[in-house]
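# Structure assessment
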Amino acid sequence: ARALTPQIAETDAIRFLIGTQSLKYDNQIHIIDFDDENNIINKNVLIHQVGEIWHISASPADKGVLATCYNKTSDSKVMTCAAVWRMPKELESGSHESPDDSSSNTQTLELLCHLDNTAHGNMACVIWEPMGDGKKLISLADNHLLLWDLQESSSNAVLSNSAALEGKGQLKFTSGRWSPHHNCTQVTTANDTAIRGWDTRSMRQIYYIENAHGQLVRDLDFNPNKQYYLASCGDDCKVKFWDTRNVTEPVKTLEEHSHWVWNVRYNHSHDQLVLSGSSDSRIILSNMVSISSEPFGHLVDDDELSDQEDHHQEEKTKEPLQDSIIATYEEHEDSVYAVEWSSADPWLFASLSYDGRLVINRVPRALKYHILL
């Protein structure tokens, strides 16, 4: 397995969706519910009959809707296609009842629509408009950026706009993220070693980081609280942080991994917390506080301090806090292809390695209290 997403529209229950990559069997989507109080993982399985799942993303507005990119073989050629699906009604929201007999309980996903890519090539990923009503999404197909509108009840997808990568050689997108800022009018994409920003209204390029990484860029993520900040990672084993207003140099670079970095994710609530997952089988949780929205920690009102504390407090708030590696998680024995924060609990995250192992971890308690208090 390499595809993982939190169920974004579900903010009460801790829930992740996983897509499998099996050559022999029907592929599946596993709905993973984590019962925090009792430390139990419950699983429901849905059949995804159309092929190996390379990418999965959940609708931000509808708990029951998700998109997948999957391999399809026709005339001995392999194509990567994309489709939007709905899960059965009774599985839409997080439940803590474990099924009595999971083998008899397998259900099938309902196909809502295909994102037709016959003219555009292989789909790399599907990204939903982050704050929207779940009707707008973008797919990246070879060298095309395609903007789709889902019609009534999502049973049809209309291509509303598109842009193409132009340049020498065979240019192909590897991944993309939709910015939650600027009224959701900006998307960033990765192809080869480059990162590009696009305006979804004109479909024009707005920034271009030519050699963002020494090798292929694998993943991107936006800081949820600072509108110009972007994280990227790639095959040069690095995680880099950018300010998109000045792209000549990264603001920070992390060089903690010893192999390709597949995934980078900002915490939704506390943007100093950054996760990265790599083929070195490790997940690293970093505290990137100097470039976060609270670089000096919590600032205290002067009125609340006595004279004695006053002097001490002034010294404390002037220096930006130091960036550090909080923890390295080594529970995986294979390449970690995906790390994701839970949508319901900001201190909890899941990671997925190629051998199909899902691990759920939490931010160390001491750090949690340090951030909160």
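As recorded in an unreviewed UniProt entry, the chain goes by the name Tumor suppressing subtransferable candidate 1, listed as coming from Chelydra serpentina. According to UniProt, the comment filed for the chain under the heading Sequence similarities (unreviewed entry) is "Belongs to the WD repeat EIPR1 family."

In this section: the nonpolar core. Residues Val 84, Leu 115, Met 123 and Leu 137 are the most contacted members of the largest nonpolar core, which totals 17 residues. Sorting the residues of this core by element identifies strand 6 (65-74), strand 7 (77-86), strand 9 (110-115), strand 10 (123-128), strand 11 (136-141) and strand 12 (144-150) as the ones contributing at least two each. Contact partners of Leu 137, with chain neighbours within four places excluded, come to Val 84, Leu 115, Val 126, Ile 127, Trp 128, Leu 146, Leu 147, Trp 148, Leu 150 and Trp 178. Among the nonpolar cores identified, the runner-up in size contains 16 residues, and Ile 53, Ala 83, Trp 85 and Leu 109 belong to it.

Time to look at the UniProt feature "repeat: WD" (unreviewed entry) in the chain. Within this numbering scheme, the UniProt entry marks residues 210-246 as carrying the feature "repeat: WD" (unreviewed entry). In residues 210-246, helix accounts for 0% and strand for 46%; the two terminal C-alpha atoms are 13 Å from one another.

Quick look at the pattern of salt bridges now. Scanning all chains against the criterion turns up 15 salt bridges. Close ionic contact of Asp 235 with Arg 218 constitutes a salt bridge, the shortest N to O distance being 2.8 Å. Here the residue Asp 235 occupies a position in the loop between strand 19 (229-234) and strand 20 (239-243), and Arg 218 occupies one in strand 18 (residues 217-222), the gap between them amounting to 17 residues. You can call Asp 235 buried: its relative accessible area is 8%. Within the structure, one salt-bridge network assembled from shared partners comprises Asp 62, Arg 86, Lys 89 and Glu 92.

Now for the packing of aromatic side chains. Under the definition given, this model contains 7 aromatic pairs. Each ring, one from Phe 241 and one from Tyr 266, has its centre 6.2 Å from the other, and the planes form 70°; the classification is edge-to-face. One end of the pair, Phe 241, is in strand 20; the other, Tyr 266, is in strand 22 (residues 261-266), with 25 residues separating them in the sequence. Look at Tyr 266 and you get buried, because its relative accessible area is 3%. An angle of 55° between the planes, with centres 6.3 Å apart, marks the rings of Trp 260 and Trp 262 as tilted. Taking the relative accessible area as the measure of exposure, Trp 260 reaches 34% and is therefore partly exposed. Its guanidinium or amino end placed over the ring of Tyr 337, Arg 2 lies 4.3 Å from that ring's centre, counting from NZ or CZ. Against the face of Tyr 229 rests Lys 226, its NZ or CZ located 4.2 Å from the ring centre.

This part covers the environment of Glu 210. Of note, Glu 210 is situated in the loop between strand 17 (204-209) and strand 18. Residue contacts for Glu 210: discarding those within four places in its chain leaves Thr 193 and Ala 194.

Further remarks concern unusual backbone geometry. Positive phi outside glycine occurs at Met 203, with the angle close to 55°. The buried category is assigned to Met 203, whose relative accessible area is 6%.

Size it by volume and the largest pocket reaches roughly 1,500 Å³. Considering the residues around the largest pocket, the lining is formed by 48 residues, among which His 55, Gly 176, Arg 177, Asp 219 and Arg 265 are closest to the centre. Contributions of two or more residues to the lining of the largest pocket are made by strand 1 (3-6), strand 5 (53-58), strand 10, strand 14 (173-178), strand 18, strand 22 and strand 26 (336-341). Of the residues that constitute the lining of the largest pocket, the class distribution is 26 nonpolar, 13 polar and 9 charged.

Ordered in space as 1-2-3-4-8, the 5 strands form an open sheet in which the pairing is mixed. Two strands bound the open sheet, and with one partner strand each, they are strand 1 and strand 8 (107-108). Taken together, the 4 bridges between strand 1 and strand 2 (residues 14-19) define a ladder with antiparallel strand orientation. For Ala 3, the partnering residue across the bridge sits in strand 2 and is Gly 19.

A few words now on a nonpolar patch on the surface. On the surface, a nonpolar cluster with roughly 350 Å² of combined accessible area is contributed by Tyr 369, Leu 372 and Leu 373. Looking at where Tyr 369 falls in the secondary structure, it is placed in helix 2 (residues 365-372).

This brings us to the sheet that holds strand 6. Judged by pairing direction, the sheet is antiparallel, and its 4 strands sit side by side in the order 5-6-7-9 without closing on themselves. Sheet topology places strand 5 and strand 9 at the edges, where each strand pairs with a single neighbour. Along the sheet, successive strands turn relative to each other by an average axial angle of 30°, direction set aside. As defined by bridge partners, strand 6 adjoins strand 7 across 10 bridges and the pair is classed as antiparallel. Considered in strand 7, the bridge of Ser 74 is made with Lys 77.

Our next topic: the environment of Leu 216. Residue position: Leu 216 is located in the loop between strand 17 and strand 18. Accessibility expressed as a relative area gives 23% for Leu 216, which makes it partly exposed. For the pair Leu 216 and Ala 327, spaced 111 residues apart in sequence, the C-alpha separation works out to 26 Å. The residues contacting Leu 216, other than those within four sequence positions of it, are Thr 174, Asp 192, Thr 193, Cys 233, Gly 234 and Asp 235.

Calculation notes
Residues numbered from 1 in each chain as written. Predicted model: local features only at pLDDT ≥ 70, side-chain atom pairs only at ≥ 80, totals over all residues. Heavy atoms only, no water. UniProt positions renumbered as here; feature names shortened; annotations may be inferred. Core = buried A, V, L, I, M, F, W, Y, C linked by side-chain atoms within 4.5 Å. Buried < 20%, exposed > 50% of the residue type's maximum accessible area, 1.4 Å probe, protein only. Helix = DSSP H or I, 4+ residues; strand = E, 2+ residues; numbered from the N terminus. Contact = heavy atoms within 4.5 Å. Salt bridge = Lys/Arg side-chain N within 4 Å of Asp/Glu carboxyl O. Phe/Tyr/Trp six-rings, centres within 6.5 Å; stacked < 30°, edge-to-face > 60°. Lys NZ or Arg CZ within 6 Å of the ring centre and 35° of its normal. 1 Å grid on protein atoms, 1.4 Å probe; cavity = no way out; pocket = protein on both sides within 12 Å on 5 of 7 lines; lining within 4 Å. Points joined across faces, edges and corners; volume = space filled by probe spheres on them. Nonpolar A, V, L, I, M, F, W, Y, C, P; charged D, E, K, R; others polar. Pairing = 2+ DSSP bridges. Patch = residues over 30% accessible without salt bridge, like charges linked within 9 Å, V, L, I, M, F, W, Y side chains within 5 Å. Areas by Shrake-Rupley, 256 points an atom, 1.4 Å probe, with all protein chains shown as cover. Axes fitted to C-alpha atoms, helices over the stretch in contact; angles between N-to-C directions.

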